[in-house]
Amino acid sequence: MTRIDLPKVYDPRAVEGKWYQYWEEHKYFRSVADPNRAPFCIVMPPPNVTGQLHMGHALDNTLQDVLTRWRRMQGYNALWLPGTDHAGIATQAKVEEQLAKEGADRYALGREKFLERTWAWKEQYGGRITTQLRRLGASCDWDRERFTMDEGCSAAVREVFIRLYERGLIYRDYYITNWCPRCGTTISDIEVEHLDKPGHLYHLKYPVKDNPGEYIVVATTRPETMLGDTAVAVAPGDGRYTRLVGKVLLLPLVGRELPVIVDEYVDPAFGTGAVKMTPAHDPNDFEVGRRHNLPRVQVIGKDALMTAEAGPRYAGLDRWECRKRIVKDLEAGGCLLKIEDHGHALGHCYRCNSVIEPMLSKQWFVKMKPLAGPAIQAARDGRVQFVPERFTKIYLNWMENIRDWCISRQLWWGHRIPVWYCEDCGESFVSRTPVDSCGRCGGKVYQDPDVLDTWFSSALWPFSTLGWPEKTIDLACYYPTSVLVTGRDIIFFWVARMIFSGLAFMDEVPFRQVFIHGLVLDALGRKMSKSLGNGVDPIDVIESHGADSLRFMLVTGNTPGNDLRFHFERLDGARNFANKIWNASRFALMNLQDYDPGETPGPDHLTLADRWILSRYQTAVTDTTRFLENYELGEAARVLYEFIWNELCDWYIELVKPRLYGKTGPEDRRVAQEILARVLKGSLELLHPFMPFITEEIWQRLPRRGLTIMRAPWPEDDESARDAAAEAKMSLIMEVTRGVRQIRGEMNVPPGKVATVLLVAPEEETRAVLEEGLSYLQNLSFGEATVHAGLREKPGQAAVAVARGVEVYVPLKGLIDIDKETARLAKELAAAEKDLSRVLKKLGSSDFLDKAPPAVVEKEQAKQAELSAKQTSLKERLAVLGAGTS
RNA sequence: GGGGGCAUAGCUCAGCGGGAGAGCGCUUGACUCACAUUCAAGAGGCCGGUGGUUCGAAACCACCUGUCCCCACCA
């Protein structure tokens, strides 16, 4: 063995940066459109430019990188296309925050200057997340990095808006939308989070105008909105109120006259069966109001303060303050009948958590029904497949009940709506290019001040990034993309919208498969959040444990679609695995220094151990590949972990040591070197998608390497390399070895001190296997061993282990604890008898014999034989021990 | 109100029709010349409950219980 200059503990910091730079400089991430090569393409869910890498990104991008690196090695023309999202609200908020510190605000600065400022902010901080993705090892084609507001994506946005408009799928209308008072914009329905909050149901008396003694009781959760009431509605045919329909009520505190109307919307069973109508502040009331031509009185403003219309006593009050005062005033006026506790879901802004105010305003909408149809069909007929499949149902359920999408936002940072209005004649123009003057009257025009929902541009991501609306070779080669990898929290926001957009503008789904993963939770199962302060920064983890460990930890134990808890213990486990690989490789390299790769040794030159590890390696190749194909990345990683640690390191490397040390001759040493090098190289290649850095570092030191492990061919799945006979033999030897070790442990024999072991194998076949494996047994557990046929030695003087009919005797000097040994054997016997009776019952059943497959029956019969042999043997030994005490 | 996930060893989870598994933790022993971020041996489980399908169920089906999540305009 030659000394080799490698540290005993693997240090990721010393290698990760180096290799990433190497890969990037040599353009190994690059993909060039090539009609003659099979493509594999993933578009990265663009993280917000404002963002820092969090564990969710780390998981999402690790999964994408594993798939991309694997397919690239398989020979696909693999493109992973990165980019960032302009994130309207989030980015604007950051810049406004900055301005606030300077004592300014965006209005003071003006739109143009504010946008300049935001672009500058983007230039300065927008690259942070992509730098962090590089630390993670992401093998994306950075030359193609895109931004949702770059020239190309913006052109795509304008084109889509105009085409939708031309198809009559975009309209502008007054509607009640979700207004976030803090963000100062409307948000779409799915951006509202409904949280159950305790509240009250206030019962209010509204007197009849002509008969002040008579009144209707209405129930409301939001008494302050009564200032905007313009009617009271009752259900059709509700006997309690028929007398009053068409009469006029007087609104308390305000004195407004309210007609009593009839509408289907009212549920006579809820509350009092009479509902106050506030068309300007409730979406349902708005609809009812539209049907009955009710006036809309807006009493709450966009700043969430009461408006002048609320009357002088309330104008300018905060909405919650106003509620208190109204309740007090109503009570004083004798109009408050009672207050009940009543929990209800309250809408909150998903960005800033403010309570949403339903607000009447004129907004742009996309008509969804016509777009949803094809998107539903595509999922139904499997052109888009969700992994796991259950998400198809969730997606369909949403799509089938979809409502129109409010796409205008009262922000400045984003894609401005490409519509101009004439100041003079009011005509509007939808245009791909800026409009200077009114096409009808030549008057002055101005552009719509609103911008589009951020998700409007994300929805086009799979084709806008490939060059659409131009007809590019990229689009032809890479679209539809292969798979989309994303968290289940944005199926509605993003995945669904990409699907209908792709179908509408490319006539083809944007991706064939959607691989959904869950959330990364903290150790207690809570969502990682800033407010809880329980988030773990991936960059910190990369610093302390290395990117490979983080990646491996995130991939293992994660099943598709399910959440993943973040445990530092598991991270340590991944790091230990990296260290294990490092040291196994260190050992191999020490013994491969003088290795001269000659001819591949023929089967005759291979030992049992060689044939065994080659066979096990083939199984690992098959299993890893199969699991990856099914998106079971966690299982694939587990296969590699177990193969490398439990088989390659724990057994093969131990078995091969004497041969590498030259104890069996130079030719045998060369064969051992060859097999060890081959299996190690293949294992690193299999592991590379999961742990790219350490595998490259070691692979580069191996003989017969290429330029980079990234471009090494994925190990071939060669069924013929399986060797069932070798596996069966080795497993027998391993079991016997375990038996011997157990005895040694119980006897407290110091390592290297046990003299002689007798292996007694009654069957000739078994004996032959043990003879073949004798050298392994010797160097694995004890000094000397011989295999004996025939009758058992007298076991009264020996501790005994049984493995598949082989008994192992270790001569000892009366050290055995008879009580302990008796108890142990008795327990084992009880278990064996229980198993045996179960098997016998099975074999005694004619149903089983008739209907079970023959292989299963044979297996059960073999088991019966094994168990009865074991039973006999255990009984004998117990008898011997019993004799020993007397 | 509708939909979905999860319930397996002390903890976190994998397995999902024919032998109850892993990691961590725990017990015992070993600093053995790749690795103490290690090695060896071991303890620990009526696979949530009840029914059903099957020759056979931890696994498939139904219901129940507990738990988490998503959707929804009941004032």
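Notes on the structure follow. Because the structure is a prediction, the values reported are computed rather than measured.

**Some words on the nonpolar core**
- Among the nonpolar cores identified, the biggest contains 128 residues, and Leu67, Phe566 and Phe690 are the most heavily contacted of them.
- Tallying contributions element by element places helix α20 (residues 633-660) first for this core, with 15 residues.
- What phenylalanine 690 contacts, discounting residues up to four positions off in sequence, is Val66, Asp548, Arg551, Phe552, Val555, Leu628, Leu633, Ala636, Ala637 and Leu640.
- Ranked by size, the runner-up nonpolar core spans 65 residues in total, among them Ala459, Leu475, Cys477 and Phe500.

**As for the environment of alanine 310**
- By the element assignment, alanine 310 lies in the loop between α8 (283-292) and α9 (319-332).
- A relative accessible area of 6% places alanine 310 in the buried class.
- Measuring from C-alpha to C-alpha, the distance between alanine 310 and tyrosine 652 comes to 83 Å, with 342 residues separating the pair along the chain.
- With residues near it in sequence (within four places) discarded, alanine 310 still touches Leu227 and Val299.

**Some points on a negative patch on the surface**
- Taken together, Glu629, Glu716, Asp717 and Asp718 make up a surface patch of like negative charges.
- Examined against the element boundaries, glutamate 629 turns out to sit in helix α19 (residues 608-629).

**So, the packing of aromatic side chains**
- All told, the structure shown has 37 aromatic pairs when counted by the stated rule.
- Ring centres of phenylalanine 515 and tyrosine 631 lie 4.9 Å apart, and the angle between their planes is 40°; this geometry places the pair in the tilted category. Here phenylalanine 515, found in strand β25 (residues 511-517), pairs with tyrosine 631, found in the loop between α19 and α20; they are 116 residues apart in sequence, far enough to count as distant.
- Classification of phenylalanine 515 by relative accessible area gives buried; the value is 3%.
- Under the relative-accessibility criterion, tyrosine 631 is labelled buried at 8%.

**As for the protein's contact with RNA strand B**
- Taken together, 50 residues are adjacent to RNA strand B, and Phe270, Asn284, Lys393, Glu635 and Lys851 come closest.
- The protein-proximal atoms of RNA strand B, defined as those within 4 Å of the protein, are 61% sugar or phosphate.
- Between RNA strand B and phenylalanine 270, the relevant distance is 2.5 Å, taken from a base nitrogen to a main-chain nitrogen or oxygen of the residue.
- Within the side chain of arginine 403, a nitrogen or oxygen atom sits 2.9 Å from a phosphate oxygen of RNA strand B.
- Taken together, the elements giving at least two residues each to the surface near RNA strand B come down to β9 (215-220), α11 (390-400), α18 (568-590), α20, α23 (724-747), α27 (846-851) and α28 (854-885).
- Residue contributions to the surface near RNA strand B peak at nine residues, all from α18.
- A class-by-class count of the residues in the surface near RNA strand B yields 17 nonpolar, 13 polar and 20 charged.

**Brief notes about the packing of α19 against α20**
- Interaxial distance between α19 and α20 falls to 9 Å at its minimum, and their mutual angle equals 170°. Considering their axes alone, α19 and α20 lie roughly antiparallel with respect to each other. Two secondary-structure elements touch here, α19 through Ala609, Asp610, Trp612, Ile613, Arg616, Tyr617, Ala620, Asp623, Thr624, Phe627 and Leu628 and α20 through Leu633, Glu635, Ala636, Val639, Leu640, Phe643, Glu647, Leu648, Trp651, Tyr652, Leu655 and Arg659.
- For the contact of α19 with α20, the class distribution of residues is 16 nonpolar, one polar and six charged.

**Some points on the sheet that holds strand β14 (residues 336-341)**
- The strand order β9-β8-β14 describes an open sheet built from three strands, whose pairing is antiparallel. What marks the edges here is a single partner per strand, and that holds for β9 and β14. When strand polarity is set aside, the average angle formed by the axes of neighbouring strands in this sheet is 20°.
- Note: strand β8 (residues 200-207) against β9, six bridges, orientation antiparallel. Bridging from a neighbouring strand, proline 207 pairs with tyrosine 215 of β9.
- Relative to the sheet, α9 contacts β8 and β14, its axis offset from that of β14 by approximately 135°.

Parameters and conventions
- Residues numbered from 1 in each chain as written.
- Chains lettered and ligands numbered in written order.
- Predicted model: local features only at pLDDT ≥ 70, side-chain atom pairs only at ≥ 80, totals over all residues.
- Heavy atoms only, no water.
- Core = buried A, V, L, I, M, F, W, Y, C linked by side-chain atoms within 4.5 Å.
- Buried < 20%, exposed > 50% of the residue type's maximum accessible area, 1.4 Å probe, protein only.
- Helix = DSSP H or I, 4+ residues; strand = E, 2+ residues; numbered from the N terminus.
- Contact = heavy atoms within 4.5 Å.
- Patch = residues over 30% accessible without salt bridge, like charges linked within 9 Å, V, L, I, M, F, W, Y side chains within 5 Å.
- Areas by Shrake-Rupley, 256 points an atom, 1.4 Å probe, with all protein chains shown as cover.
- Salt bridge = Lys/Arg side-chain N within 4 Å of Asp/Glu carboxyl O.
- Lys, Arg positive; Asp, Glu negative; His and termini not counted.
- Charge placed at Lys NZ, Arg CZ, Asp CG, Glu CD.
- Phe/Tyr/Trp six-rings, centres within 6.5 Å; stacked < 30°, edge-to-face > 60°.
- Near = heavy atom within 4 Å.
- Polar contact = N/O pair within 3.5 Å; in protein donor to acceptor, adjacent residues only side chain to side chain.
- Nonpolar A, V, L, I, M, F, W, Y, C, P; charged D, E, K, R; others polar.
- Axes fitted to C-alpha atoms, helices over the stretch in contact; angles between N-to-C directions.
- Parallel < 35°, antiparallel > 145°, perpendicular 65-115°, else oblique.
- Pairing = 2+ DSSP bridges.

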